[in-house]
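A closer look at the structure
Single-letter residue listing:
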Amino acid sequence: MAAASAAVYCWLWYTSGEQPTAWLLRVAAAALLIALVAGFVNPESRPRLMLRFLAALFALFTLISFAADVSRPRSDGEGAISLLQHLHNLAPAFVSALERTVSRITGPVGWDPVLTSVLSLPATMIFLLLAIACGFLGRPRRRIRIFANDY
């Protein structure tokens, strides 16, 4: 339902040329939230499998960023490369678009002190924290078998 309402929203936006009302996005967000909550309650759910995949992917990004930090030559006491520096080097247009979007939605305070302080942390640390969080949330649940009347 979340994917269908988001697709209808994008289709209406594409065909009309202007942004439609936000009720379709609210339906998509609510359906996605309900699906995630239902997925976390069920011990054998697909979101857990996806979170384990994301944990492995973030662990790979951690290793790549760590290797980039270790293998580059040091000059004047430079430390680890921040995620914001990586993004500026790889996709400067994405960073400027992200800044405009965040500033438009939350105001300039949302970009400058909030998001830039998070993105200025070392990329290795950010990806490691994301890998740990996704791995913890995606861990398989233990099944407890209780037999009260087993003789």
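Provided above is the structure to which this section pertains.
Here goes a summary of the coordinates provided. (Residues numbered from 1 in each chain as written. Predicted model: local features only at pLDDT ≥ 70, side-chain atom pairs only at ≥ 80, totals over all residues. Heavy atoms only, no water.)

1. Brief notes about the packing of helix α5 (residues 92-106) against helix α6 (residues 108-119)
Relative orientation of the contacting elements α5 and α6 amounts to 120°, with a least axis distance of 5 Å. With respect to α6, the element α5 is oriented oblique. The residues of α6 that touch α5, namely those facing Val-95, Leu-98, Glu-99, Val-102, Ser-103 and Thr-106, are Pro-108, Gly-110, Trp-111 and Leu-115. Class assignment for the residues of the contact of α5 with α6 results in six nonpolar, three polar and one charged. (Axes fitted to C-alpha atoms, helices over the stretch in contact; angles between N-to-C directions. Helix = DSSP H or I, 4+ residues; strand = E, 2+ residues; numbered from the N terminus. Parallel < 35°, antiparallel > 145°, perpendicular 65-115°, else oblique. Contact = heavy atoms within 4.5 Å. Nonpolar A, V, L, I, M, F, W, Y, C, P; charged D, E, K, R; others polar.)

2. Considering the side chain of Thr-62
With respect to the helices, strands and loops of the structure, Thr-62 is situated in helix α3 (residues 46-71). Setting aside its immediate chain neighbours within four residues, Thr-62 contacts Thr-124, Phe-127 and Leu-128.

3. Quick notes on the nonpolar core
Formed by 14 residues in total, the largest nonpolar core has its most connected members in Phe-58, Leu-83, Leu-84, Trp-111, Leu-119, Phe-127 and Cys-134. Counting residues per element, the ones that place at least two in this core are α3, α4 (83-90), α5, α6 and α7 (123-137). Among the elements that make up this core, the one with the highest residue count is α7 (five residues). Once residues lying within four places of it in the same chain are set aside, the contact partners of Phe-127 are Phe-58, Phe-61, Thr-62, Ser-65 and Leu-83. (Core = buried A, V, L, I, M, F, W, Y, C linked by side-chain atoms within 4.5 Å. Buried < 20%, exposed > 50% of the residue type's maximum accessible area, 1.4 Å probe, protein only.)

4. Considerations on the side chain of Thr-124
Inspection of the secondary structure puts Thr-124 in helix α7. Within the structure, the side chain of Thr-124 is placed 3.2 Å from the side chain of Asp-69, a separation counted as a polar contact. (Polar contact = N/O pair within 3.5 Å; in protein donor to acceptor, adjacent residues only side chain to side chain.)

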